[in-house]
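# Observations on the three-dimensional arrangement
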Amino acid sequence: MFSNILIAVDGSDISYAAFNRAVEIAKWSNAKLEAILVVETRIGVSGPMEPSGEIIRQRLEADQQEAVDHIVKAAADAGVEVSIRTEVGSAGPLIVKTAEKLGNDLIVAGSLGKSAFDRLLLGSVSSYVAKESTTNFLIIREKETAGKIFSNILTAVDGSEVSFLAFNRAADIAKQTGAVLHAVYVRSPKDPESREEETAVTEKVKELAAAKQIAVQVHGEEGHPGNVIVKLAEDLGSDLIVAGSLGKSAINRLFLGSVSSYIAKAAKTSFLIVRN
C-alpha cells in the first residue's frame, strides 16, 4: 500500500493519535516509518538574547524530548521501528522538504496541535502540506478511539485516473480494516452529460471493487462536489474521506484539486489526499 511513511508529531494528543494510525498503516504495508518533530523558529522573541524568547525555546525543546520519548515507547509497544528526526524551523516547509528528500510516499499529520499560544498548531501546518506537497497526505482529525482504525470510508470519484487511484487506495484500506466502503460521484447540474458519465463511472468502480473482492456502495449526488462530499460523509458517519488531488478538468468544475482543498478545510473527519 505504502512503502515509506513520514509522521509529523508535536506532542499533542491528536499528533499521538496520528502517530498510532501511521504505525498501523506501516504494519499493514510493511513500510518504513519515520517521524519528524519540529521546534518552530517563529515562536517567541526574535532576538536570541531575549530572556523570554530563550525560556520559550527551552520549554519547546523539553516538549520535543517528551514527544520523542512518547513515540519511541509507542513504536516499541507496537513492535515497529521508527526513525526520528528533530528539526528547528518552519514546520510546514520542513515536512514537505523532508518527505521529498526521504522519498516518502505518505505523510501523516494531525489537524490540530498543542495550543495557539505555542504556535505549534498542526492545523496551519496540515493546510500548508495539503497545498504544497506532492506526496499522498493523510490528515487525522479524530483523537484515538477504541476499535477499528477506520470503520466507514467514503471515496470521491469523478472519472479521472487519479480518482480511480484514490478509490483503489480506499479499497485497500477498507480491506485491511474491515471498513464499510462507499464511493460517490457528484453530478454537475449544468452538465447534461454527467448522468451518462455517472453510469460509466459507477460500472468502473464496481469492476475495481470486484477485482479487490470488496463490497462498495456507490452514491450518485448532484451539486458542488466539495459540499456534497463533506455532507455525505457526515450523513454516512464516515471516519475517513479519500479523494484525488486532481480530477478531470477545470471546465466542468469536477476537478478534484479545488475539491480536495475544500475537503481538507471543511471536513470534520480524517482525510486522505491521493496524489500518486
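### A few points about the overall build of the protein
Helix and strand counts for the protein come out as 8 helices and 10 strands. Taking contacts inside the protein between residues at least 6 apart in sequence as the whole, the part at least 24 apart equals 78%. Working note: accessible area of the protein is about 12600 Å², and carbon and sulfur atoms make up 51% of it.

### Quick notes on the nonpolar core
Counting 52 residues, the largest nonpolar core has Ile5, Ile153 and Phe167 as the members making the most contacts within it. Looking at this core, the element that brings in the most residues is helix 1 (residues 13-29), giving 9 residues. Beyond its immediate stretch of four places on either side in the chain, Ile5 contacts Ala22, Ile25, Ala26, Ala31, Lys32, Leu33, Glu34, Asn104, Asp105, Leu106 and Val108. By size, the runner-up hydrophobic cluster in this structure holds 33 residues, among which are Val125, Ala156, Val186 and Ile263.

### Remarks on the packing of helix 5 (residues 161-177) against helix 6 (residues 194-211)
Between helix 5 and helix 6, the least distance of the axes is 10 Å, while the angle of their chain directions is 35°. As for the relative orientation of helix 5 and helix 6, their crossing is right-handed in sense. Two secondary-structure elements touch here, helix 5 through Phe164, Phe167 and Asn168 and helix 6 through Val201, Lys204, Val205, Leu208 and Ala209. A breakdown of the residues in the contact of helix 5 with helix 6 according to their chemical character gives 6 nonpolar, 1 polar and 1 charged.

### Some details on helix 3 (residues 91-102)
Relative to the 16 Å expected for 12 residues at 1.5 Å per residue, helix 3 spans 16 Å between its end C-alpha atoms, a close match to the ideal helical length. Listed as buried for helix 3 are Ala91, Gly92, Leu94, Ile95, Val96, Thr98 and Ala99. Positive backbone phi, approximately 75°, marks Gly103, located one or two places after helix 3.

### A closer look at the pattern of salt bridges
Scanning the model with the defined rule gives 5 salt bridges in all. Notably, a salt bridge pairs Lys212 with Asp172, separated by 2.9 Å at the nearest N-O pair. Residue Lys212 is found in the loop between helix 6 and strand 8 (217-222), and its partner Asp172 is found in helix 5; the two are separated by 40 residues along the sequence. Arg187 is paired through a salt bridge with Glu222; the nearest N and O atoms lie 3.7 Å apart. With Arg187 in strand 7 (residues 180-187) and Glu222 in strand 8, this residue pair connects regions lying 35 residues apart in the sequence. The network of salt bridges with common partners includes Arg187, Glu198 and Glu222.

### Here's the deal with the sheet that holds strand 4 (residues 106-110)
Consider a sheet: its strands pair through backbone hydrogen bonds, and that pairing is either parallel or antiparallel. In spatial order, the strands read 3-2-1-4-5-10-9-6-7-8; together these 10 strands make up an open sheet with mixed pairing. On the outer flanks of this sheet lie strand 3 (83-89) and strand 8, each paired with one strand and no other. The sheet shows a mean angle of 20° between the axes of neighbouring strands, direction not considered. Sheet topology places strand 4 next to strand 5 (residues 137-140); 4 bridges connect them, and they run parallel. Bridge pairing in strand 5 places Gly110 opposite Ile140. Lying on the sheet, helix 1 is in contact with strand 1 (4-8), strand 2 (32-40), strand 4 and strand 5; it crosses strand 1 at an angle near 170°.

Definitions and cut-offs
Residues numbered from 1 in each chain as written. Predicted model: local features only at pLDDT ≥ 70, side-chain atom pairs only at ≥ 80, totals over all residues. Heavy atoms only, no water. Helix = DSSP H or I, 4+ residues; strand = E, 2+ residues; numbered from the N terminus. Contact = heavy atoms within 4.5 Å. Areas by Shrake-Rupley, 256 points an atom, 1.4 Å probe, with all protein chains shown as cover. Core = buried A, V, L, I, M, F, W, Y, C linked by side-chain atoms within 4.5 Å. Buried < 20%, exposed > 50% of the residue type's maximum accessible area, 1.4 Å probe, protein only. Axes fitted to C-alpha atoms, helices over the stretch in contact; angles between N-to-C directions. Left-handed = near helix turned anticlockwise from the far one by under 90°. Nonpolar A, V, L, I, M, F, W, Y, C, P; charged D, E, K, R; others polar. Expected span 1.5 Å × (residues − 1). Salt bridge = Lys/Arg side-chain N within 4 Å of Asp/Glu carboxyl O. Pairing = 2+ DSSP bridges.

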